[in-house]
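Listed here are the chains, written in short residue letters.
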Amino acid sequence: MTDLPIVGFVGLSAALLAVGLFGILTRRNFILLLIAIEIAMNAAILNFVYFAAYAGGTPGLTGQSIAVVLVGFGATEVAVGLAIVLALNRLKGTINVARATELKL
Amino acid sequence: MDLTSFAGPFLPEIVLLAGVLLVYLLDVLKLRSNELVGSIAVAATGFALLFVVADLGFTPFALLRTLPASSVDPTFSGGYPLYAFTSLGLVFQAIFLLATCLVSLASLSRPREERGAPIFYGLLLLATLGMLLVAVAADLIFLLLAIEVTSLATYLLVGYTRRDSRSLEAAMKMYIIGALSTTLSFFGASLLYGAYGTTNLYAIRAIGILNTGAGAGSYPVLVLLGYGFLIVGLAFKATLVPFHAWAVDVYDGAPTDVTAFLAGGSKKMGLFAFFLVLLAPILFVRTVASGSPFTTTQVALGPVLQITLAVLAVLTMTVGNVLALLQKEMKRMLAYSSISQAGYMLIGITVGTAPALAGATLQIFAHVFMKGGAFLLVAGVSAWGIGPLIDDWKGLGTRRPLAGVAFALMLLSMAGVPLTVGFVSKFVLFSAAVQAQGYFVWLAIAGLLNSALSVFYYARVLRVMFFEQAAPNPLPAGTVVGGSEPPILPAGGFGYGRAAAIGLVVIVIVAVGVYPQMVLGAVQSAAQHFVNFGA
Amino acid sequence: MLPLLSITIATLLAGTVATFLSGARARWVALGVSVLFILEVALLFLSFSGWPGYNGALVPGFSESESYAWIHLSWMQVNYSVGVDGISLALILLTAVLNLATVVYSWAESKRPAAYFGLVLLTGLGCFGVFVALDILLFFLFWEAVLVPMFFLIGYWGGPRRRYAALKFFVYTHVASIVMLVGLLAIVFYSGATSFDFSSVYASARNLAAVPQTFLFLALFFGFGVKFPIVPFHTWLPDAHVEAPTGGSVLLAGLLLKLGAYGLIRWAVEILPSGFHNAQPVLFFIAFLSIIWGSVLSLSQRDLKRLVAYSSINHMGIVLLAIALDSSLGLIAAVLLMFAHGIVSGLLFMSSGSVHHTFGTRDIASVGGITPRTPALSTMIMAGSLASLGLPALISFPAEFTALLATWNGLQYWVFIPLGILVVTAAFYLWMMQRLLFGPAKGIPAAAHDIPWYEGAGMGILVAFTVLFGILPGLLVNLIVSSPIKGWPGT
Amino acid sequence: MTAFVVVGLAGTRLKRLEWGGWVAVGFAGAALIVGVLVAAGAMLDPGRYTNVQYTWFQLPPSPGTFPNGFELVVGTLVDPISALMLLVVTVVGFLVMLYSIEYMHHDRGLPRYYAELSLFLAAMTGLVISNNLFEFFLFWELVGLCSYFLIGFYYEKPSASSAAKEAFLVTRVGDVMFLLGIFLYFYNYRFAGPAGSGGWAANGFVFVNGSQPFLAGTMGGNSTLLTVAGIMILGGAAGKSAQFPLHVWLPDAMEGPTTVSALIHAATMVAAGVYLLAVTSLFLGFTATDQLLIVAIGGITTFFAATMAVVHPDIKRVIAYSTISQLGYMVLAVGAGFAMVGLFHLFTHAFFKALLFLSAGAVIHAVGTQDLFKMGGLRKTMKITATAFAIGGLALAGIPPFAGFWSKDDILGSVYAQLGAHPAYWPFFILAVAGVFLTAYYIFRAWFLAFSGDRPRDPTLPHAHDPTWRMTVPLVTLSALAVGAGFLIFWPNFQGLLLNGAGVAGIPPTYGTTDLLLSAMSVLLGGAGIALAWYLWGNGKVFVLPESSAVQPVRKLLLNRYYMKAGYDWIGAKGVYSIARAADFFDQFVIDGTVHGFERMFAAFSDRLRRIQSGVVSDYAAYVVGGLIAVFVLLLFVAPYLVAKVGGG
């Protein structure tokens with residue numbers, strides 16, 4: 001395991017983050033935005049798992065446990081997001097975030 | 001784990017949790033009266049506040065409860081804990097509780113037709129709970145998760161009415177940017193974990209002091225990138241420019257009492273998170289030489305972070321102020337002013353000395369009262385039928401002298417006019433920056449010039465309120481716009497809760513402004529303790 | 001010994017609050033407070049320990065000093081410290097006199113009189129505080145405290161462009177205060193002073209090297225200078241004066257401008273000798289510029305108040321010059337000039353206010369020959385103008401004489417500039433009097449009648465002081481020299 | 001003596017009633033008695049110096065600047081010259097005051113008039129008896145102020161208030177120079193003085209120490225500083241005494257009541273300048289350069305003013321120019337080192353000039369015009385006045401035995417005596433001599449125009465007659481003085497007074513024992529002038545200069561006062577005022593404009609910046625990502641660079 005190339009792994013998670021950010025920047029659909037955010041989140045989770053295995057500085061399963069916690073957290077977050085999107089859809093009839101521009105300047 | 005020894009230190013949190021549960025129990029029992037639920041919230045925050053104040057060692061309260069000494073200053077023998085009770089953390093707990101207490105108190109006078117009292121107060125207490133946990137966090141992941149507790153609660157709080165499209169839009173915006181920032185924070189945390197092999201803030205501090213970080217030595221760029229991501233992620237909460245854009249819309253769109261909580265409460269949590277996360281690298285990692293990957297020069301991490309933060313601070317206060325200059329709407333103007341104030345507060349951690357932290361903490365304390373109070377007052381005034389524009393406030397100062405004077409005091413305090421708490425805090429903060437010497441003096445000058453700039457728009461409000469005549473046909477006093485029920489407010493009043501909250505704000509602004517020694521002494525020793533803590 | 005200074009502060013504070021709350025009877029309350037203020041100042045004079053032979057002061061060189069802990073942190077010691085020396089005492093007397101005169105003059109103020117008189121007293125309190133404060137924070141606090149009532153006085157009771165003027169005044173002076181504050185803080189922290197007290201700062205600031213002292217001094221000079229006001233940071237003054245109500249103008253010119261000069265003397269010149277020395281050329285340049293600019297601009301003004309306002313710039317330029325000379329004679333001249341200008345400009349602004357009330361305009365070109373109709377008012381205008389252009393037996397004369405002598409002693413032939421400007425000053429006052437007071441009657445409304453008794457009484461108080469100290473300037477000089485003039489090298 | 005000043009001052013406050021004039025006369029009378037007594041005392045004991053002084057204000061010693069401290073005093077000093085002046089001031093003052101009772105009785109604002117007149121006299125008295133230069137300046141300014149009020153007495157007349165302003169401004173220029181002169185002397189002499197006295201600085205600029213000049217033994221030298229100081233003093237005196245080129249205000253000052261003119265020209269205002277020169281010359285000393293300059297100014301003024309008087313049609317202005325011209329003689333004398341001779345001329349001149357003015361006033365009072373060409377034949381109806389004017393004219397022309405002869409002759413004689421040692425005085429001496437001729441000519445031109453002939457040239461003039469005793473008594477008294485004052489020179493005590501004062505300067509003049517040839521010449525010149533006047537204007541003739549005459553442009557130049565006033569007005573109105581307007585523009589648009597520009601810049605910036613708040617959440621997300629990148633740039637490139645460069649915080 002210690003032979004795994006750090007640059008490659010960090011590069012992988014960075015790419016994942018970039019995909020997520022790209023999605024956040026380009027999508028206007030709230031659901032797609034949620035997905036993009038979760039992709040980016042997974043980049044962080046991946047990092048924790050990887051570094052727990054690679055760096056191994058501390059004994060135990062710290063990194064892995066954090067990853068598990070984060071997965072759970074992601075679910076909560078999406079739930080809250082979905083609650084908001086539902087209310088928004090009911091009130092405005094759209095989930096396009098670019099349509100919600102009452103508040104500006 | 002011994003339950004009592006765990007419960008003891010967390011008494012305030014437990015009280016709040018109990019409050020939340022009680023509120024939801026009442027909801028189930030269909031007891032949804034605003035006054036009843038609100039009183040529970042006030043009581044819960046009040047009690048929690050008492051405990052915190054007792055922990056801080058103020059003798060009148062000391063008999064109530066004091067933390068075991070070990071939990072205030074853990075010796076770090078063996079592993080690092082998830083949480084630690086620093087006295088600065090306790091001060092911040094007190095500040096958070098004060099903010100919530102004020103908001104709940106004022107919300108006792110919420111218009112009756114604005115339903116959903118249990119949801120409102122429940123979420124408020126829940127968000128506060130998260131903030132209290134942030135204040136005692138010792139681990140990065142613990143910290144971020146605690147922030148998320150607050151964030152999730154506030155997303156819902158902003159949109160809790162579910163019927164106002166503006167609030168919902170605000171909630172949506174806050175959610176998206178918030179989630180994005182959270183992701184970035186966690187990514188940053190993961191990089192730091194990779195560099196240091198731990199996510200414990202005190203462990204990182206120790207590594208920094210001992211200069212033994214294996215990862216840090218090998219991959220300095222990981223450290224830099226990690227802190228970079230963290231700064232950006234936390235900047236969301238602290239509303240630093242250019243991560244602030246959501247805040248204006250949200251402050252504007254959210255129910256104004258919620259705005260008061262956001263500006264007075266949860267934002268301060270973001271700043272304290274900055275303190276916690278960045279104090280270690282700034283103060284203690286000086287010796288871990290960490291060059292940029294693109295330069296061969298070896299430079300210290302602390303100064304690099306400080307410069308970055310200084311740029312953010314100056315940018316934040318300047319942009320906030322400049323944008324506030326032309327604002328026509330009261331809430332948005334206050335929102336921008338709130339952003340610029342975040343810039344001042346950031347000076348505290350940028351300078352990184354105990355006096356500066358004390359100054360920033362006092363500034364945060366002051367801001368709870370003046371900005372929170374201002375939003376609470378705006379909420380009350382809009383219940384009189386005063387519109388959202390600044391121009392709608394014409395003649396208010398002469399028509400309602402008490403409200404006018406109270407608001408004027410808050411504005412003067414924000415502008416930093418002497419004998420107000422806002423002056424004392426800026427005075428201490430900028431003094432500390434000057435005391436630190438070096439380029440921090442320029443930071444102080446930038447801050448002061450900015451506060452001069454801010455005078456423009458504060459003075460404009462004063463002018464509108466006091467020097468201009470009201471619109472020709474002012475709405476009769478006490479009218480509630482859009483209400484089918486008869487006005488519940490006594491003619492010309494805010495309602496007792498709000499009046500009490502605003503009265504409290506005014507008293508604190510003036511009392512601490514005139515004699516700040518007590519508050520300042522506590523904050524100063526707390527900041528000193530925080531800096532020395534575990535070192 | 002009674003804590004007279006604190007008692008006075010408390011009196012004024014309580015008086016202000018009482019005035020605010022007293023509704024229609026506000027003017028009586030304000031009058032009572034002003035009289036009490038004068039009496040307290042008289043007591044202060046009696047117990048002043050700076051008189052020769054007395055040596056019981058707590059803080060060296062200051063009388064009536066009091067000091068209580070205020071904010072004590074590990075790195076910052078702020079005290080409530082007050083005390084007076086001869087210089088501040090002279091200016092305190094000015095404050096009390098102008099306060100009383102303003103209250104009397106404004107007797108018939110009908111627009112929210114309670115608030116008006118309250119703000120007037122508050123301004124007096126602020127100025128008193130500035131003159132007695134011996135701690136940086138306390139000083140700054142009073143300094144800023146003057147701003148707020150004046151902002152309201154201009155903004156609410158002022159003329160047509162009052163809002164603009166109030167804002168301009170506030171912003172200018174506030175920016176200046178900020179720079180000043182940074183300068184003062186830097187002095188404390190760079191010099192390693194143990195507290196914010198004057199004595200501590202005074203003891204340690206002189207140990208700073210010359211270069212930092214120079215920078216600090218220039219920062220402070222800017223801060224105090226805007227209040228002076230020095231050219232080119234003066235443009236707030238004419239606007240503020242023109243738009244302010246008469247009482248506001250009187251306090252503005254009479255007291256607020258003195259704050260800048262006093263601040264410069266006490267908090268910059270005394271504690272940063274090397275910086276002062278290095279910055280002297282800058283001060284001279286600015287002073288000459290202000291002297292010339294103020295009087296040349298006065299020549300072209302049609303509005304009576306604007307004219308007086310620009311002449312204030314000119315006079316304060318001479319004050320700056322006198323301070324910059326760095327000699328005891330110069331210092332005495334500066335304080336005398338400050339006192340004189342306070343009284344005389346108050347008188348002139350009051351008479352411009354009366355001209356406005358009586359004739360509905362202050363435009364010199366559209367009203368003329370008013371003397372037969374309003375002899376008393378004309379007399380006041382004449383008294384003020386003649387005092388202002390430095391005629392003997394009136395208060396400005398000994399002041400200007402001393403100032404010019406000091407200038408000659410220090411700068412030799414440069415004295416030509418202020419001397420030559422004396423002619424210009426005479427020219428614009430004479431020109432104004434010729435057009436306004438003399439010549440055939442013109443533009444006088446049928447209903448115009450001479451000033452009411454209270455306006456006359458308000459001005460009368462000032463005329464009395466003009467003549468009193470014009471004939472017996474020694475009273476004032478004794479006061480000033482009775483304080484050990486700290487740290488003035490005898491060049 | 002202080003009481004005397006107080007009396008004058010107190011008098012100013014008592015003029016509220018109809019009989020206020022008499023109160024003023026009473027006070028002036030009291031002053032006269034005191035003044036005469038004092039002067040007599042001084043004459044009986046010429047060596048006595050009475051010096052009383054009080055501290056006005058005092059500074060403690062400061063090392064370096066004033067090791068012995070600094071003091072300003074107010075005090076009174078009666079010495080020969082002040083006694084002489086006191087006599088002049090009180091006598092003329094009293095007579096003018098008395099004369100005013102009738103002359104002014106139909107005017108409004110009489111309380112003001114008497115108050116100002118009393119203050120005027122008080123100030124002049126104070127000036128005369130000052131014992132130090134500072135106090136001198138103080139009263140000097142007061143005199144200027146009173147003259148301002150009195151010239152502008154008819155303030156409804158624009159020309160009057162304008163003339164008052166002009167007088168004040170021009171003399172103010174002189175005052176400024178005087179002040180600088182004080183400073184220069186002060187600077188030169190600040191530590192000088194008798195041993196143990198602490199120097200001039202510690203003694204408040206005082207003149208005398210016992211009967212010696214305070215600075216005796218320390219004066220002298222020929223430094224540039226002293227020369228400049230002298231020039232400055234000369235400038236001050238020129239302003240007050242209307243010497244070239246600061247003379248322009250005096251003819252215009254005729255806008256005031258004639259009584260005021262009389263007072264200003266005879267005893268008060270203009271005398272102050274000469275007195276200042278005398279005091280300076282006696283107690284402080286002029287350098288040789290200064291002396292030459294003073295002589296030059298005196299000589300030029302003498303001739304220059306006389307030429308303008310030659311053509312003027314206004315009776316009062318003719319006399320006014322004659323004053324300027326006569327003052328030139330006095331200045332000339334002081335410059336040549338004969339301060340007391342100059343003062344003697346001042347003494348006699350005061351009487352005959354007051355006489356001339358008061359007679360002219362009587363004429364104006366009677367006929368209601370000042371235009372000589374409208375008058376004529378008044379001799380018949382106004383016998384006393386005509387005689388008085390003639391006596392005054394003869395005195396002015398320097399015809400023996402009238403007072404003017406003795407003093408003017410002394411001047412010419414004294415200056416002549418100096419010509420050997422100072423050949424540079426020659427041109428000015430010649431000018432002065434030429435002035436004698438012109439003087440005789442123009443004053444008799446005026447006399448002939450007004451009094452000779454059969455009837456007024458303007459038939460609409462009211463029938464004129466001599467005034468009542470209140471006006472004639474002063475006329476007669478002054479006539480007597482104009483005739484007799486010159487003979488005082490033969491009274492040893494009076495001569496002693498003059499000599500004692502002059503002895504200080506070290507050059508003994510030859511009172512009464514004049515160079516006969518020179519005297520004869522000047523009398524001859526005077527006679528020639530009168531003859532010419534008679535030839536051209538006698539018996540109601542009117543001499544009209546032909547339009548084609550070659551001297552016509554000269555006449556025009558003279559009538560227009562060499563265009564000097566026009567030039568000054570142009571400088572004042574066009575020059576200075578334009579600069580002021582330009583400065584005002586600069587102030588409003590450039591300085592304030594810069595401030596407003598900043599304001600607008602901020603506003604524009606704010607407006608631009610506001611647009612980033614688009615309301616679209618995706619944009620906000622983009623800002624976050626952009627901010628992220630910016631933070632990395634800062635962290636990875638900018639900050640490390642800065643830290644490496646400056647070492648960090």
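Since the model is a prediction, treat every value here as computed from it, not as a measurement. (Residues numbered from 1 in each chain as written. Chains lettered and ligands numbered in written order. Predicted model: local features only at pLDDT ≥ 70, side-chain atom pairs only at ≥ 80, totals over all residues. Heavy atoms only, no water.)

### Digging into the overall build of chain C
Along the backbone of chain C there are 18 helices and two strands. What you see for chain C is a C-alpha radius of gyration of 21 Å, in line with the 23 Å of a compact globule of 491 residues. Expressed along its principal axes, the backbone C-alpha trace of chain C runs to roughly 70 × 55 × 45 Å. Looking at chain C as a whole, 73% of its 491 residues qualify as buried. Counted over contacts in chain C with a minimum sequence separation of 6, partners at least 24 positions apart contribute 80%. Total accessible area computed for chain C in this model is approximately 12,900 Å², and 70% of it derives from carbon and sulfur atoms. (Helix = DSSP H or I, 4+ residues; strand = E, 2+ residues; numbered from the N terminus. Rg over C-alpha atoms; globule rule 2.2 N^0.38 Å. Buried < 20%, exposed > 50% of the residue type's maximum accessible area, 1.4 Å probe, protein only. Contact = heavy atoms within 4.5 Å. Areas by Shrake-Rupley, 256 points an atom, 1.4 Å probe, with all protein chains shown as cover.)

### Description of the overall build of chain A
Scanning chain A from N- to C-terminus turns up three helices and zero strands. Sequence-ordered secondary structure for chain A, helices as α and strands as β, is α-α-α. A fraction of 64% describes how many contacts in chain A between residues 6 or more apart in sequence connect residues 24 or more apart.

### Observations regarding a positive patch on the surface
A cluster of basic residues, Arg90(A), Arg115(B), Arg162(B) and Arg163(B), forms a positive patch at the surface. Note on placement: Arg115(B) falls in the loop between helix 6 (87-107) and helix 7 (117-136). (Patch = residues over 30% accessible without salt bridge, like charges linked within 9 Å, V, L, I, M, F, W, Y side chains within 5 Å. Salt bridge = Lys/Arg side-chain N within 4 Å of Asp/Glu carboxyl O. Lys, Arg positive; Asp, Glu negative; His and termini not counted. Charge placed at Lys NZ, Arg CZ, Asp CG, Glu CD.)

### Section: the interface of chain C and chain D
Taken residue by residue, the interface counts 61 residues in chain C and 55 residues in chain D. Both faces combined, the contact of chain C with chain D buries some 4,900 Å², and carbon together with sulfur accounts for 74% of it. Among the residues of chain C in contact with chain D, Phe401(C), Trp408(C) and Leu430(C) are the three that bury the most area, contributing 12% of the side total. Linking chain C with chain D are zero salt bridges, by the criterion used here. Here chain C is connected to chain D by five residue pairs in polar contact (both at pLDDT 80 or more). Ranked by residue count, the leading element in the side of chain C that touches chain D is helix 16 (residues 416-436) of chain C, at eleven residues. Broken down by class, the residue content of the side of chain C that touches chain D amounts to 40 nonpolar, 18 polar and three charged. (Buried area = accessible area lost by both parts, 1.4 Å probe. Polar contact = N/O pair within 3.5 Å; in protein donor to acceptor, adjacent residues only side chain to side chain. Nonpolar A, V, L, I, M, F, W, Y, C, P; charged D, E, K, R; others polar.)

### Here we look at the packing of aromatic side chains
Considering all chains together, one arrives at 81 aromatic pairs over all chains under this definition. With a centroid separation of 4.4 Å and an interplanar angle of 35 degrees, the aromatic rings of Phe92(B) and Phe272(B) are classed as tilted. In this pair, Phe92(B) is assigned in helix 6 and Phe272(B) in helix 14 (residues 256-284), connecting sequence segments 180 residues apart. Each member of the pair Phe92(B) and Phe272(B) is classed as buried. Geometrically, the ring pair formed by Phe120(B) and Tyr121(B) is edge-to-face, given 5.0 Å between the ring centres and 80 degrees between the ring planes. Each of the two residues, Phe120(B) as well as Tyr121(B), counts as buried. Cluster of aromatic residues (ring-pair linked, three or more members): Phe397(C), Phe401(C), Phe134(D), Phe136(D), Phe137(D), Trp140(D), Phe178(D), Phe183(D), Phe186(D), Phe205(D) and Tyr275(D). Over the face of the ring belonging to Trp384(B) we find Arg400(B), whose NZ or CZ atom lies 4.3 Å from the ring centre. (Phe/Tyr/Trp six-rings, centres within 6.5 Å; stacked < 30°, edge-to-face > 60°. Lys NZ or Arg CZ within 6 Å of the ring centre and 35° of its normal.)

### Digging into helix 6 (residues 158-189) of chain D
In this model helix 6 of chain D runs 45 Å from its N-terminal to its C-terminal C-alpha over 32 residues, within 8% of the 46 Å that 1.5 Å per residue would give. Most of helix 6 of chain D sits inside the fold, with 25 of its 32 residues counted as buried. (Expected span 1.5 Å × (residues − 1).)

### Some points on the packing of helix 13 (residues 315-335) of chain D against helix 17 (residues 426-451) of chain D
All names here are of chain D. Where helix 13 contacts helix 17, the axes come no closer than 11 Å and their chain directions differ by 155 degrees. The angle between helix 13 and helix 17 falls in the class roughly antiparallel. Where helix 13 crosses over helix 17, the two elements pack in a sense that is left-handed. Residues Val318, Ser322, Ser325, Gln326, Tyr329 and Leu332 of helix 13 pack against Phe428, Ala432, Gly435, Val436, Thr439, Tyr442, Arg445 and Ala446 of helix 17. A class-by-class count of the residues in the contact of helix 13 with helix 17 yields eight nonpolar, five polar and one charged. (Axes fitted to C-alpha atoms, helices over the stretch in contact; angles between N-to-C directions. Parallel < 35°, antiparallel > 145°, perpendicular 65-115°, else oblique. Left-handed = near helix turned anticlockwise from the far one by under 90°.)

### Re helix 14 (residues 339-367) of chain D
All names here are of chain D. The terminal C-alpha atoms of helix 14 lie 40 Å apart, and with 29 residues this matches the ideal 42 Å at 1.5 Å per residue to within 8%. Along helix 14, the helix axis deviates most sharply at His349, where the bend reaches about 30 degrees. Burial runs high along helix 14: 28 of the 29 residues are buried. A positive phi of about 75 degrees marks Gly368, the residue just after helix 14. (Bend = angle between axes of the 7 residues up to and from the residue.)

### Some thoughts on the environment of Val505(B)
Residue and element names in this part refer to chain B. Mapping Val505 onto the fold places it in helix 22 (residues 496-514). Put simply, Val505 and Ala324 are 181 residues apart on the chain and 23 Å apart in space, counted from C-alpha to C-alpha. Those residues in contact with Val505 that lie beyond four places of it in its chain are Leu102, Phe369, Gly373 and Met410.

### Here's the deal with the interface of chain C and chain B
Between chain C and chain B, the contact holds 34 residues from the first and 37 residues from the second. Taking both sides of the interface into account, the surface hidden between chain C and chain B amounts to around 3,400 Å²; carbon and sulfur atoms contribute 79%. Summed over the three residues of chain C that lose the most area to chain B, namely Trp70(C), Trp75(C) and Arg163(C), the buried surface amounts to 18% of that side. Counting across the interface, chain C meets chain B through zero salt bridges. Counting across the chain C and chain B interface gives five residue pairs in polar contact (both at pLDDT 80 or more). At the level of secondary structure, the elements contributing two or more residues to the side of chain C that touches chain B comprise strand 1 (63-73), strand 2 (76-84), helix 5 (136-157) and helix 6 (162-191) of chain C. The class makeup of the residues in the side of chain C that touches chain B is 26 nonpolar, four polar and four charged.

### A look at a nonpolar patch on the surface
Together, Ile629(D), Val633(D), Phe637(D), Val638(D), Tyr641(D) and Leu642(D) make up a nonpolar patch on the protein surface, roughly 520 Å² of accessible area in all. Inspection of the secondary structure assignment puts Val638(D) in helix 23 (residues 617-646).

### Regarding the pattern of salt bridges
Residues and elements named next belong to chain B. In the structure shown here, the tally under the stated rule is 22 salt bridges over all chains. Linking Lys173 and Asp249 is a salt bridge whose minimum nitrogen-to-oxygen distance equals 2.8 Å. Of this pair, Lys173 sits in helix 9 (residues 165-196) while Asp249 is found in helix 13 (residues 245-253), placing the two residues 76 residues apart along the sequence. In this pair, the class of Lys173 matches that of Asp249, namely buried. Of the charged contacts, one joins Arg498 and Asp257 as a salt bridge, the two residues approaching to 3.0 Å between their closest N and O atoms.

### Brief notes about the packing of helix 1 (residues 4-21) of chain C against helix 2 (residues 26-47) of chain C
All names here are of chain C. As a packed pair, helix 1 and helix 2 sit with axes 9 Å apart at the nearest point and diverge in direction by 175 degrees. Taken together, the axes of helix 1 and helix 2 lie roughly antiparallel to each other. Taking contact as the criterion, the partners of Leu4, Leu5, Ile7, Thr8, Thr11, Leu12, Gly15, Ala18 and Thr19 in helix 1 are, on helix 2, Ala26, Val29, Ala30, Val33, Leu36, Phe37, Glu40, Leu43, Leu44 and Ser47. Here the contact of helix 1 with helix 2 is composed, by residue class, of 13 nonpolar, five polar and one charged.

### Comments concerning the environment of Val523(D)
Residue and element names in this part refer to chain D. With respect to the helices and strands, Val523 occurs in helix 20 (residues 516-537). For Val523 and Ser618, which are 95 residues apart along the polypeptide, the C-alpha to C-alpha distance reads 112 Å. Excluding residues that lie within four positions of it along the chain, Val523 makes contacts with Gly398, Ile399, Pro400 and Phe405.

### Focus on the pairing of strand 1 of chain C
Residue and element names in this part refer to chain C. Here strand 1 pairs with strand 2 via eight bridges, running antiparallel. By the bridge assignment for strand 2, Glu66 is matched with Val82. Counted between consecutive antiparallel strands, the loop separating strand 1 from strand 2 contains two residues. (Pairing = 2+ DSSP bridges.)

These values are about where atoms sit, not about what they do.
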